[in-house]
Amino acid sequence: MGRKGKKENEAPSKEAFDPLAVEVKMPITVVLLLSSPEEDILSKSCDAIYKYVEKADENKITLLGLGVLEPLCQLICHSNTQDYPSRLAVHELGGIRPILELLDSDFVAIQHLALKTLQILTTDKDTRETFREEEGFEKLMDILSNPEFADLHVEALRTVVHCLCDSESLRLLHKDGGLTKLMEFVVKAPSPEIQSSAAKCIAMIVKCVESHLQLHEQNVEKIMVELLSVVNDSVKTAACQALAAMSSQLAKDTFREQKGFPVLLECLRSESYELREEATQAIFNLTADNWLNADTLYKVGGIDILVLKLRDPCPRLVANVTATLSNMARQEEIRCNIVAHGAIPLLVNSLSSPNTQVQINTTQCLAVLVSDVDSRAELQRTGGLYPLVMLLQSHHNEVLKNTCWAVNVCATDKPVAVEMCKYGALEMLQEINTSEIRQNRFSQLAMDNLLKSNLSVKYSLESYLTPLDIITDGFYDVGKTNMGQRVLTLEELAKQPVNTHQAIIVINTGEHVSEEKQNAESEIPSKEETKTSRRKREEEKRKDDAQKGSAEKPWKLVQDVAVRNLVNEARRSILPLKDEREQYAALARLVSDSMGGPVEKEKLHEFSWHHHLSEVKYGLQSNIVPIGMVKKGIYCHRALLFKYLADSIGLSCTLVRGEYHRAWNEVLLSEKAPQNKDQQPQCRHCIVDLMHQPGSLLNVNTPAAVKYQNRPQMQFLYR
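Residues numbered from 1 in each chain as written. Predicted model: local features only at pLDDT ≥ 70, side-chain atom pairs only at ≥ 80, totals over all residues. Heavy atoms only, no water.

A. Seen up close, the overall build of the protein. Along the backbone of the protein there are 40 helices and 11 strands. Of all 719 residues assigned to the protein, the portion counted as buried reaches 49%. Counting contacts in the protein only where the partners sit at least 6 residues apart, residues at least 24 apart contribute 68% of the total. Total accessible area on the protein is roughly 36800 Å²; 52% of this is exposed by carbon and sulfur atoms. (Helix = DSSP H or I, 4+ residues; strand = E, 2+ residues; numbered from the N terminus. Buried < 20%, exposed > 50% of the residue type's maximum accessible area, 1.4 Å probe, protein only. Contact = heavy atoms within 4.5 Å. Areas by Shrake-Rupley, 256 points an atom, 1.4 Å probe, with all protein chains shown as cover.)

Right, dumping it as structure tokens:
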């Protein structure tokens, strides 16, 4: 290397404005700077945009939304704008060697320009290969080893950062003792710029797994923790980048032992946009798959700061914080603390973010956080269910998978499941599960859980309830609904005018309501109530409604005293029976007696159940009919009542819907214990006859059972 001449002292122009060091924190600011008349600002702005879009595809979308295309297109025609084709041309025309030769120049300005040019050229992989072949890496290390070239060290280190993207350059670095030299720069750098650039080199080296042990032996974790306490934000940012790249458990544990989390958290309070962003990335990586680090971060007050940072306008920072909370929330104590600090409402806001990574991490975090009833209720209360369900429309696989996971967790609560169904969650999941591309390991689980928590919808869509599907108050039978069609809620159905379609049968004993409230609310008339008294009561109700004005009153489900009495009767008369066959038979007779008694098969068409239900509907002025008011019921009504009463007293049965208003219950009967102890007791499946010979138990697949399940050919039922 040639010796450099002395720098010429140039008197600054009196008309020139002193340079300003401007720190840019937001993408919109960089976009505005693209309209600057100063070429230096234009160049730096373009470079900043290039680095920003290289980080993630979502950043490209952000810049497009900020209108970056128009000023960039104008700069294409600029007389001095650097671009990729120009870099490629320099390489193809053999320009690397002459540029390297300029490093031997006696003029400082030429050396600086040569290094800056090499910084740009080495962003290209093929150019870096030629750069190494021309021994450019060795020349850089020579500059860094020579104290006389201290003013070139910053540019040289920045070029080294680009070179270290390749494993071959890393090999050269280790071969020539360059790692030791870089660590010396990090510890004893004469300026923050050199220290920052050296730390960025370490961040590139850490990405190579083979370098971890060597760096650890040189106390890299301790040094990075020390750099987090310096004044310069650029140095701190570079240290955070290095820490984020430390993926080995050894490095993570050493960082914790060096008490690095408190100083790393302090970086989140900085006004520097880039430092906060890189600090959250480091925190996320250091807590990933490391419970001790997550626990340590919690104990030093990390939750307070992290939850607060969910309000930050930077999408990448929010994504990092959300991912960190997911790491930590897998411990129950920490999860409860995160929820207590108000994370759920802030995460609800993030659900509407256009940033894909924010969506991925937020849905994952919610899936972990809402693992108890209270947190799910808070998610519902803060309006989080609607934006969560809307993300089921996403065509991004990771967003969709995590959304299905969160929906699956939320669906374990009935009120939450009902509300998500109201927003169309079931229809969306049906579409997802029929797509080979969009279905995932959580989509079917989410749909099953939604149906399990909303048996009314499950029965409408699948026409089948298992013995484990326990019917409770609020269940309603709206009839068969096709897949992809939304099942309306009871409240929505209640607002419809009375029509000629089949009645919606509902169950509601009101047993969960306090006695005082029961007395204050309307009750369905019992069997003994006369038509005259019922009409009088309905007339009084209409007058009361008219006096209250035209304002719409909140809808509520009235209580069914008649079915409540049936439950009590079943408990009194059936539970004492010892034989399960006798219990099922007695329950079948109770159901039959309450719905019109036995009906001969040949006279089924004379059983005017349809006319009876029409009268009840118009008497109530509602399409919704409490099951206790059905005094003439056929297969579908009796099977539903049998299932409900059986569930209420602890008997086991299914509920299956067939065609033409057919429905039946299947029960499992245990035969007598075999004489041979080695034999297993035999069981048989039976269909319960509720219509013709109530109490008869028909073996499945026998002609009698099949005939009960299907409409005879020349017989027509009212539809």
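So that's the structure; there's more coming.
B. View of the confidence of the model for the protein. Mean pLDDT for the protein: 84, with 86% of residues reaching 70 or above. Considering only residues more than four positions removed or in separate chains, one finds that residues 1-13, a stretch of pLDDT under 50, has 21 contacts. Of the regions scoring below 50 in pLDDT, residues 513-530 engages in 28 contacts with residues more than four places distant in sequence or in other chains. (pLDDT = per-residue confidence, 0-100.)

C. Summary view of unusual backbone geometry. The backbone of Lys-259 sits at a positive phi, close to 55 degrees, despite the residue not being glycine. Within the secondary structure, Lys-259 sits in the loop between helix 17 (249-257) and helix 18 (261-266). Positive phi outside glycine occurs at Asn-701, with the angle close to 70 degrees. Position of Asn-701 among the secondary structure elements: in the loop between strand 11 (697-699) and helix 40 (703-709). For Asn-701, a relative accessible area of 70% puts it in the exposed group.

D. Structural view of the nonpolar core. One finds Ile-202, Met-224, Leu-392, Met-420 and Leu-450 to be the most contacted residues of the largest nonpolar core, which totals 151 residues. In terms of residue count, helix 13 (residues 192-206) provides more of this core than any other element does, 9 residues in total. Setting aside its immediate chain neighbours within four residues, Met-224 contacts Val-186, Ile-202, Ala-239, Ala-242, Leu-243 and Met-246. By size, the runner-up hydrophobic cluster in this structure holds 58 residues, among which are Tyr-459, Tyr-635, Leu-655 and Ala-663. (Core = buried A, V, L, I, M, F, W, Y, C linked by side-chain atoms within 4.5 Å.)

E. Spotlight on the side chain of Ser-353. Among the secondary structure elements, Ser-353 is positioned in the loop between helix 24 (343-350) and helix 25 (356-369). Judged by relative accessible area, which is 15%, Ser-353 ranks as buried. Not counting residues up to four positions away in its chain, the partners in contact with Ser-353 are Val-358 and Gln-359.

F. Geometry of the sheet that holds strand 6 (residues 624-626). If you trace the 3 strands from one edge of the open sheet to the other, you get 2-3-6, paired in mixed fashion. The open sheet is flanked by strand 2 (476-477) and strand 6, the only strands paired with a single partner. (Pairing = 2+ DSSP bridges.)

G. Local environment of the side chain of Asn-454. By the element assignment, Asn-454 lies in the loop between helix 31 (443-452) and helix 32 (455-462). Discounting chain neighbours no more than four positions away, the residues touching Asn-454 are Ala-417, Val-418 and Cys-421.

H. Representation of the packing of aromatic side chains in the model. Counted by the stated rule, this structure contains 5 aromatic pairs. Centre to centre, the rings of Trp-405 and Phe-442 are 5.5 Å apart; their planes meet at 10 degrees, and the pair counts as stacked. On the criterion of sequence distance, the pair formed by Trp-405 in helix 28 (residues 397-410) and Phe-442 in the loop between helix 30 (425-433) and helix 31 is long-range, its members being 37 residues apart. For the pair Trp-405 and Phe-442, one class covers both residues: buried. Judged by centre distance (6.3 Å) and plane angle (40 degrees), the ring pair of Tyr-459 and Phe-475 falls under tilted. You can see Tyr-459 sitting in helix 32 and its partner Phe-475 sitting in the loop between strand 1 (464-465) and strand 2, a full 16 residues away along the chain. Residue classification places Phe-475 among the buried residues on the basis of a relative accessible area of 3%. Over the ring of Tyr-459 we find Arg-657; its NZ or CZ atom is 4.1 Å from the centre of that ring. (Phe/Tyr/Trp six-rings, centres within 6.5 Å; stacked < 30°, edge-to-face > 60°. Lys NZ or Arg CZ within 6 Å of the ring centre and 35° of its normal.)

I. Region of the structure containing helix 12 (residues 178-188). Regarding helix 12, the residues found buried are Gly-178, Leu-179, Leu-182, Met-183, Phe-185 and Val-186. In a view along the axis of helix 12, the buried residues occupy a sector of 155 degrees, so they form one face of it. (Arc of directions from axis to C-beta.)

J. Inspection of the pattern of salt bridges at higher detail. A complete count under the given rule lists 22 salt bridges for this structure. Of the charged contacts in the structure, one is a salt bridge between Asp-104 and Lys-139, with a shortest N-O distance of 3.8 Å. Highlighted residues: Asp-104 in the loop between helix 6 (96-101) and helix 7 (108-121) and Lys-139 in helix 9 (residues 136-145), separated in sequence by 35 residues. Here Lys-139 falls in the partly exposed class, since its relative accessible area comes to 22%. Of the charged contacts, one joins Arg-438 and Glu-431 as a salt bridge, the two residues approaching to 2.5 Å between their closest N and O atoms. Among the ionic contacts, a cluster of salt bridges with common partners joins Lys-55, Glu-277, Glu-278 and Arg-316. (Salt bridge = Lys/Arg side-chain N within 4 Å of Asp/Glu carboxyl O.)

K. The sheet that holds strand 9 (residues 666-670), seen in detail. Across the sheet, 3 strands lie side by side as 9-10-11; this open sheet has antiparallel pairing. In the strand order of this sheet, the two ends are held by strand 9 and strand 11, each with one partner. Recorded for the sheet is a direction-independent mean angle of 45 degrees between the axes of neighbouring strands. The pairing of strand 9 with strand 10 (residues 683-688) spans 5 bridges and is classified as antiparallel. Paired with Leu-669 across the strands is Arg-684, a residue of strand 10. Relative to strand 9, helix 37 (residues 580-594) is tilted by about 155 degrees, and along the sheet it contacts strand 9, strand 10 and strand 11. (Axes fitted to C-alpha atoms, helices over the stretch in contact; angles between N-to-C directions.)

L. Spatial organisation of the packing of helix 2 (residues 39-55) against helix 3 (residues 57-65). Look at helix 2 against helix 3: their axes get within 5 Å of each other, and the N-to-C directions meet at 130 degrees. Taken together, the axes of helix 2 and helix 3 lie oblique to each other. Along its contact with helix 2, which presents Ile-49, Tyr-52, Val-53 and Lys-55, the element helix 3 presents Asn-59, Lys-60, Thr-62 and Leu-63. (Parallel < 35°, antiparallel > 145°, perpendicular 65-115°, else oblique.)

M. Spatial organisation of a nonpolar patch on the surface. On the surface, a nonpolar cluster with roughly 320 Å² of combined accessible area is contributed by Met-26, Ile-28, Leu-32 and Leu-66. Secondary-structure assignment places Met-26 in the segment before helix 1 (27-33). (Patch = residues over 30% accessible without salt bridge, like charges linked within 9 Å, V, L, I, M, F, W, Y side chains within 5 Å.)

N. Spotlight on the pairing of strand 10. In the sheet, strand 10 pairs with strand 11 via 3 bridges, with the strands oriented antiparallel. Considered in strand 11, the bridge of Ile-687 is made with Leu-698.

O. Spatial organisation of the packing of helix 12 against helix 13. Where helix 12 meets helix 13, the axes come as close as 8 Å, and the angle between the chain directions of the two elements is 135 degrees. With respect to helix 13, the element helix 12 is oriented oblique. Handedness of the crossing formed by helix 12 with helix 13: left-handed. Note on element contacts: helix 13 touches helix 12 through Ile-194, Gln-195, Ala-198, Ala-199, Cys-201, Ile-202 and Ile-205, opposite Leu-179, Leu-182, Met-183, Phe-185, Val-186 and Val-187. Here the residues of the contact of helix 12 with helix 13 sort into 12 nonpolar, 1 polar and no charged. (Left-handed = near helix turned anticlockwise from the far one by under 90°. Nonpolar A, V, L, I, M, F, W, Y, C, P; charged D, E, K, R; others polar.)

P. Looking closely at the environment of Val-688. Its place among the elements puts Val-688 in strand 10. Judged by relative accessible area, which is 0%, Val-688 ranks as buried. Taking the C-alpha atoms as reference points, Val-688 and Ala-585, separated by 103 residues in sequence, lie 7.9 Å from one another. If we skip the residues at most four places from it in the chain, Val-688 touches Ala-588, Phe-642, Asn-665, Val-667, Ser-696, Leu-697 and Tyr-708.

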